[in-house]
Amino acid sequence: MCIRDSWKIILKPWEQPINHIRVYMGEQMGFYFLFVSTWATSYLINGIIGLVLYALMKLVPPFNGHGAMHQVPNALHAGLVIIMCSITLQKFKRQQEVCNKRWGANQWADAKPRVRPAFLGAAIPMTSVVNGKIELDFPDWWRRGRQTVAWSIIVVLLIADMIVVWNVQELKHDKKTDKIGLGDSIRLSTIIALCQVQGVNALGSILARILTKHENWKTDEEYAHHLTMKDVIFQVINTFLPQFWVAFMEPILYDKDEMCPTTENDCKKDLSMQVSVLFAGQALYSLAKQAVLPIVLRFLSQRRIRRLNCQDNLGGVEGEADEDWRTEARKDFVELTEYDNIEGPIEDYVELTLQFGYVTMFTAVYPFAPLISFAFNTLQIWMDGHKLLKLHRRPLPLEVKNIGIWEDIFQILSKIGCVTNVALCFFVVDISPIFLGKRYEEDENLDHQAVKWKLGFFLAFSVGFLLLTTVIEQLLTPTSTAVRVQRARQTIYQQCVLGDRETSAFVNEADAVPDDLSLIHISEPTRRYAISYAVFC
């Protein structure tokens, strides 16, 4: 089946042709689309639960004086999102291990890493003509110095970014200036914050590439690893800094009658509005960049070909079907742009990371985040497929055994989300009166004992959710028992075929209990070894 025919499912991200994608584009793209489809499915479930709880919160009027019970659905949804994200991450790891076993991708772990073409130096260490010792053409101390300079630049820019965010948020307190906007809901400060986040993210991504190339890493894996770290740290801090300012800095720096003036001193409403605007702006910018930019580049390429009068050299007649597939291939090679299989996936994963951050860290104040992430992830699957099949040349397959460092990044963000959501529930949404009872006072001077109790509940619930996610990780191990059994069988099979050992010394498969892994077979490299050995014998 042609991948263009099988890749027509838009509204069902859980039915992606992962195996066809892997055959056509390699293991890297196969793991990427498995990752996107898994999270899109999880976002749909979380979004439906959040929509039901939000409707329940709106339909049921407040039935107590302080209204804390009215916010319980939001807090409950935040806790469910934390648990579901941990389960989804472990589920993806299991599916990834199944695909790893099925595709034989684990064999790439033993392969020798390739030297980057942009590496400035020899591919192997050189022998000194003076003392006969082996010397590196690019010393590690030199690269460490460049790393220190690069991270120093990033830290300085992040400090400057904090100052900019502070000034933008201060604009809200100038009512005359901030009134210029799109009505009363979206003010000038919110528009400036949106432009600042997207603009600084774009500049930070360019700067991360420049600094990482200057560090002169030897292999593609090292280059991708350090570029990912710089890009993710810079964009995550820059993206979520305005939201953290509204949630936690406004109540500290201003009195109760001065904080969040655009929403009548309601920081929960102000934070929800800002999250919705920045989240939607970030997603729309990402989709526009991925959809429009390749089309513009292809149009410019076609225009350049027409200007140089190169149509005759390509063969075929414009507007008519060409029976010669070689002519069509020549046209695609000239008109389509090359897809960078190192920096291209990093850009896509960074966009998914920012969406994941909005879902895991701010669900307590914006319950629609999972549903919006589902919509954009589903659309992104279709757009990525359209981009890779029609707007770019066929990507060069890159042999990988998993998604690499992105597992750790999503794991860290899920842990941060545990603390952030609990902090929002107790200090912004404020469900503490449910636990404090009469200790909580509604006058201007909050009881200091009540504040201590709020901090205690915050620490207790944060530690509880962190322990709960750790237990989930320990119970749902990345490698299932069935995959471990199949890998053990493969190892024994290799030893028997290549090492000429007796099978009975290891296992008698006739007496083994059958399992349900009918889709997992011996990997292709092992099968080739077995066939070669059988032919030789």
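Attention now moves to the overall build of the protein. Check the secondary structure of the protein and you find 18 helices and 2 strands. Per-residue burial over the protein gives 46% buried out of 537 residues. Sequence separation of 24 or more characterises 77% of the internal contacts of the protein that already satisfy a separation of 6 or more. On the protein, roughly 28,600 Å² of surface is accessible, and the fraction owed to carbon and sulfur atoms is 63%.

Ranked by internal contacts, the top residues of the largest apolar core, which has 84 residues, are Phe33, Phe35, Trp39, Leu271, Phe362, Trp406 and Leu424. Looking at this core element by element, the count peaks at 11 residues for helix 3 (residues 27–59). Excluding its chain neighbours within four sequence positions, the residues that come into contact with phenylalanine 35 are Phe92, Tyr349, Leu352, Ile403 and Phe410.

Before going further, it helps to examine the packing of aromatic side chains. Scanning the entire structure with this criterion turns up 25 aromatic pairs. Between phenylalanine 31 and tryptophan 103 the ring centres are 5.2 Å apart and the planes differ by 45 degrees, which places this aromatic pair in the tilted class. Here phenylalanine 31 is found in helix 3, whereas its partner tryptophan 103 is found in helix 4 (residues 72–103), with 72 residues between them in sequence. The rings of Tyr32, Phe33, Phe35, Trp39, Tyr43, Phe92, Tyr349, Phe356, Trp406 and Phe410 are connected pair by pair, giving a single aromatic cluster. Between arginine 143 and the ring centre of tryptophan 217, over which it is positioned, the NZ or CZ distance is 5.0 Å. Directly above the aromatic system of tyrosine 24 lies the positively charged group of arginine 394, at a separation of 4.1 Å from the ring centroid.

Before going further, it helps to spend a moment on a nonpolar patch on the surface. Judged by side-chain polarity, Ile45, Ile49, Val72, Leu76, Leu80, Ile434, Phe435 and Phe461 come together as a nonpolar surface patch covering roughly 580 Å² of accessible area. Within the residue set of the nonpolar patch, elements represented by two or more residues are helix 3, helix 4 and helix 15 (433–436). In terms of residue count, helix 4 provides more of the nonpolar patch than any other element does, 3 residues in total.

Turning our eyes to something else, we now look at the packing of helix 3 against helix 12 (residues 343–362). At their nearest, the axes of helix 3 and helix 12 sit 12 Å apart, and the two run at 15 degrees to each other. As the angle between them shows, helix 3 and helix 12 are arranged roughly parallel. The interaxial crossing formed by helix 3 with helix 12 has left-handed handedness. Contact with helix 3, carried on its side by Gln28, Met29, Phe31, Tyr32, Phe35, Val36, Trp39 and Tyr43, involves Pro345, Asp348, Tyr349, Leu352, Gln355, Phe356 and Val359 of helix 12 and no other residues of that element. A class-by-class count of the residues in the contact of helix 3 with helix 12 yields 12 nonpolar, 2 polar and 1 charged.

A word on the packing of helix 12 against helix 13 (residues 369–391). Interaxial distance between helix 12 and helix 13 falls to 10 Å at its minimum, and their mutual angle equals 170 degrees. Of the possible angle classes, the one that applies to helix 12 and helix 13 is roughly antiparallel. Residues Asp348, Leu352, Gln355, Tyr358 and Val359 of helix 12 form the contact with helix 13, whose participating residues are Ala369, Pro370, Ser373, Phe376, Asn377, Gln380, Asp384 and Lys387. Residue composition of the contact of helix 12 with helix 13, grouped by class: 6 nonpolar, 4 polar and 3 charged.

As a further point, take the pattern of salt bridges. Applying the stated criterion across every chain yields a total of 7 salt bridges. The residue glutamate 215 makes a salt bridge to lysine 230 at a minimum N-O spacing of 2.9 Å. Taken together, the residues glutamate 215 in helix 7 (residues 188–215) and lysine 230 in helix 8 (residues 220–253) connect sequence positions 15 residues apart. We note that glutamate 215, like lysine 230, is buried. A salt bridge links lysine 415 to glutamate 473; the shortest N-O distance between them is 3.2 Å. In this pair, lysine 415 sits in helix 14 (residues 406–427) while glutamate 473 sits in helix 16 (residues 448–475), placing the two residues 58 residues apart along the sequence. The structure contains a network of salt bridges with shared partners spanning Arg209, Glu343 and Glu347.

Reading the values: rules and limits
- Residues numbered from 1 in each chain as written.
- Predicted model: local features only at pLDDT ≥ 70, side-chain atom pairs only at ≥ 80, totals over all residues.
- Heavy atoms only, no water.
- Helix = DSSP H or I, 4+ residues; strand = E, 2+ residues; numbered from the N terminus.
- Buried < 20%, exposed > 50% of the residue type's maximum accessible area, 1.4 Å probe, protein only.
- Contact = heavy atoms within 4.5 Å.
- Areas by Shrake-Rupley, 256 points an atom, 1.4 Å probe, with all protein chains shown as cover.
- Core = buried A, V, L, I, M, F, W, Y, C linked by side-chain atoms within 4.5 Å.
- Phe/Tyr/Trp six-rings, centres within 6.5 Å; stacked < 30°, edge-to-face > 60°.
- Lys NZ or Arg CZ within 6 Å of the ring centre and 35° of its normal.
- Patch = residues over 30% accessible without salt bridge, like charges linked within 9 Å, V, L, I, M, F, W, Y side chains within 5 Å.
- Salt bridge = Lys/Arg side-chain N within 4 Å of Asp/Glu carboxyl O.
- Axes fitted to C-alpha atoms, helices over the stretch in contact; angles between N-to-C directions.
- Parallel < 35°, antiparallel > 145°, perpendicular 65-115°, else oblique.
- Left-handed = near helix turned anticlockwise from the far one by under 90°.
- Nonpolar A, V, L, I, M, F, W, Y, C, P; charged D, E, K, R; others polar.

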